[in-house]
2 protein chains.
Amino acid sequence: DKREDHDADQYDCSPTAEKTIDDILKGSPGNDERRALIDNLLRQDPWKAAKNIKNYMGRHNIPQREVVDSTGLNQSHLSQHLNKGTPMKNQKRGLLYAWWAKKKDEVAAQFKIAQSGMGAEQVEEAAGVSPRARRNRFKWGPASQQILYDAYQHQRNPTKEEREELVKKCNRAECNQRGVSPSHANGLGSNLVTEVRVYNWFANRRK
Amino acid sequence: DKREDHDADQYDCSPTAEKTIDDILKGSPGNDERRALIDNLLRQDPWKAAKNIKNYMGRHNIPQREVVDSTGLNQSHLSQHLNKGTPMKNQKRGLLYAWWAKKKDEVAAQFKIAQSGMGAEQVEEAAGVSPRARRNRFKWGPASQQILYDAYQHQRNPTKEEREELVKKCNRAECNQRGVSPSHANGLGSNLVTEVRVYNWFANRRK
DNA sequence: TTTGGTTAATAATTCACCGGA
DNA sequence: TCCGGTGAATTATTAACCAAA
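Quoted verbatim from the Subcellular location (unreviewed entry) heading of the UniProt record, the comment on chain A is "Nucleus".

Listed below in structure tokens is the structure:
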């Protein structure tokens, strides 16, 4: 290969090498059960599995890019498979399902750990989220946006206090959407709502 | 700088250096008039200018990316400026208008040359289209798509003859949209409709 | 702080392409 | 000659800045 490794000594994946299910499942316990889940999904209707995964990603606001990075699947292919049911060979669907199997455990672990007083990022680490993966970008969830939107109608320039109030409301709503107690908000990881994000939301909205 | 020049000994622009109006206008005659046009546009309402440019790009199916490449403007900034009227400083708007001023002449030249029997690509070259610029990707125009869509209703798998027929119809429509005689179809450049493209359109549509 | 500018990143879409049957 | 698979490119949109008033 010609060029030196991009800026990316921070990524999980050699961009060149194909991934295998084992790469995705590496380490961590409980892999036998995951295998079973994967095989099971492979035998079922791909479109149903796609809808379930999409649903899960939506509920947890997981960026498609994370899937792309950790499975090595092609972004547009994945997008079409998930959103339109475009066919995907078993080999590749396996990677997708492996990612899902692992991700579900990671997310669960994150919320479990989040009870302790750790900050959101520490929680992610403690949960063993693949350490070399790129940190996800924050993304607003529909529930939070509704809250902000309602607030915006009433007041376009909220004070710091009002913003803090919104932060709490949003995080509560997000936890709710994920079916976890609001006290576990730090498990939201990169999607934890903060005052700056609320500030930015209003600033961008005003434009 | 750290990395060796990308795969791109084929591009016009050093990705690092800021562009100037002169870079864009370089060479070619008639630059005084272009200057005048640019200054004029800079004094007018940016949103009106944006609409005119957008309109022009639409009529000729010019990819936004070409503008980005040749002006050095940021893609999302350009997109927002053109589509939503997001503000852009004069310095940058100047680059945009310079591109436009030059492009209009190039396009006109292309259609003029296209009378001769040259193929579409030769026409572009002969017209002096910045030689080191990336070749644009083909893009269907709305007029052609309507034609194809109508044909699709009647027959999902057209024969080669039918396809050739559609090619002619489409190219005629495209020329028409640009206000030039159908005999100048080769001036369409990268947007010239061909049988393979029609074939692909149907193949993709059937999915 | 807020607005005026500006941008990296994300992801749906668009158009192609390839290996078989 | 078509279809099952795939993918590079394109671009609207999202969530951030940052300088300066």
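Asks: I'd love a proper account of the confidence of the model for chain A, names of residues and values included.
Replies: A low pLDDT score tells you not to read the predicted coordinates there in detail. Residue and element names in this part refer to chain A. Put simply, chain A has an average pLDDT of 83, and 81% of its residues get 70 or more. At the low end of the mean pLDDT range in chain A sits helix α7 (residues 120–126), at 57; at the high end sits helix α5 (residues 75–84), at 97. Under a pLDDT of 50 for its full length, residues 1–15 has, in the predicted model, 24 contacts with residues more than four places off or in other chains.

Asks: Which residues make up the environment of H184 of chain B, and what are the values?
Replies: The residue H184 of chain B is located in the loop between α9 (160–178) and α10 (195–205) in this model. Sequence spacing of H184 of chain B and Q110 of chain B is 74 residues, and the spatial spacing of their C-alpha atoms is 9.0 Å.

Asks: So what's going on with unusual backbone geometry? Residues and values would help.
Replies: The backbone of N61 of chain A sits at a positive phi, close to 55 degrees, despite the residue not being glycine. Turning to its location among the elements, N61 of chain A is positioned in the loop between α3 (46–60) and α4 (64–71).

Asks: How would you sum up the protein's contact with DNA strand C? Please name residues and give values.
Replies: What surrounds DNA strand C is a group of 33 residues, the closest being R65, S79, Y199 and K207 of chain A together with R137 of chain B. Backbone atoms, meaning sugar plus phosphate, form 58% of the atoms of DNA strand C positioned within 4 Å of the protein. In this structure, N83 of chain A approaches DNA strand C through a side-chain N or O atom, which is 3.4 Å from a phosphate oxygen. Separating a base nitrogen of DNA strand C from a side-chain N or O atom of N204 of chain B is a distance of 2.8 Å. For the surface near DNA strand C, the secondary structure elements donating two or more residues are α4 and α5 of chain A together with α5 (75–84) and α10 of chain B.

Asks: Which residues make up the pattern of salt bridges, and what values do they have?
Replies: Residue and element names in this part refer to chain A. What the rule picks out here adds up to 14 salt bridges over all chains. The salt bridge partner of R178 is E174, with a shortest N-O separation of 2.4 Å. Separated by four residues within a single helix, R178 and E174 lie in helix α9 (residues 160–178), roughly one turn from each other. Each member of the pair, R178 as well as E174, is classed as buried.

Asks: So what about the protein's contact with DNA strand D? Which residues, and what values?
Replies: Of all residues adjacent to DNA strand D, which total 31 residues, the nearest are N74 of chain A together with R65, S79, Y199 and K207 of chain B. Taking all atoms of DNA strand D within 4 Å of the protein, the share assigned to sugar and phosphate is 60%. Within the contact set of DNA strand D, a base nitrogen lies 2.7 Å away from a side-chain nitrogen or oxygen of N204 of chain A. Separating a phosphate oxygen of DNA strand D from a side-chain N or O atom of Q64 of chain B is a distance of 2.8 Å. Broken down by secondary-structure element, the contributors of at least two residues to the surface near DNA strand D are α5 and α10 (195–205) of chain A together with α4 (64–71) and α5 of chain B. When residues of the surface near DNA strand D are assigned to their parent elements, the largest contribution, six residues, is made by α5 of chain B. Class assignment of the residues belonging to the surface near DNA strand D gives a composition of six nonpolar, 14 polar and 11 charged.

Asks: Account for the packing of helix α2 (residues 31–43) of chain A against helix α6 (residues 90–113) of chain A, naming residues and giving values.
Replies: Residue and element names in this part refer to chain A. Interhelical geometry of α2 versus α6 gives an angle of 135 degrees and a closest axis separation of 9 Å. With respect to α6, the axis of α2 lies oblique. The element α2 and its partner α6 pack so that their crossing is right-handed. Residues R34, L37, I38, L41 and L42 of α2 form the contact with α6, whose own contacting residues are N90, R93, G94, Y97, A98, W100, A101, K102, K104 and D105. Within the contact of α2 with α6, the residues separate by chemical class into eight nonpolar, two polar and five charged.

What counts and how
Sequence order sets the numbering: in each chain, residues are counted from 1 along the sequence as written. The naming scheme follows written order: chains are lettered A onward, ligands numbered 1 onward. Only residues with pLDDT of at least 70 are given local features in this predicted model, and only at 80 or more are side-chain atom pairs given and counted; all residues enter the totals for whole chains, interfaces and linings. Water and hydrogen atoms play no part in the side-chain values, which are based on all heavy atoms of the structure. UniProt positions are given in the numbering used here, feature names are shortened, and annotations may be inferred rather than shown by experiment. Every residue carries a pLDDT, the predictor's confidence in it, which falls somewhere between 0 and 100. Working definition: helices are DSSP H or I runs of at least four residues, strands are E runs of at least two. Numbering for both runs from the N terminus. Throughout, a contact is declared for two residues whenever any of their heavy atoms are within 4.5 Å. Any residue with a heavy atom lying within 4 Å of a molecule or strand is counted as near it. What qualifies as a polar contact is a pair of N or O atoms within 3.5 Å, subject to a donor-acceptor requirement within protein and to the restriction that residues adjacent in sequence count only when both atoms come from side chains. Salt bridge criterion: a side-chain nitrogen from Lys or Arg within 4 Å of a carboxyl oxygen from Asp or Glu. Throughout, exposure labels follow a simple rule: accessible area from a 1.4 Å probe, protein chains only, divided by the maximum for the residue type, with under 20% read as buried, over 50% as exposed, and the rest as partly exposed. Put simply, Ala, Val, Leu, Ile, Met, Phe, Trp, Tyr, Cys and Pro go in the nonpolar bin, Asp, Glu, Lys and Arg in the charged bin, and everything else, Gly too, in the polar bin. Helix axes use the C-alpha atoms of the stretch in contact, all axes being lines fitted to C-alpha atoms, and the angles between their N-to-C directions lie in the range 0 to 180 degrees. In this scheme, roughly parallel covers angles under 35 degrees and roughly antiparallel covers those over 145, while 65 to 115 is roughly perpendicular and the rest are oblique. Working rule for handedness: look at the near helix, and if it is turned counterclockwise from the far one by less than a right angle, call the crossing left-handed; if clockwise, right-handed.

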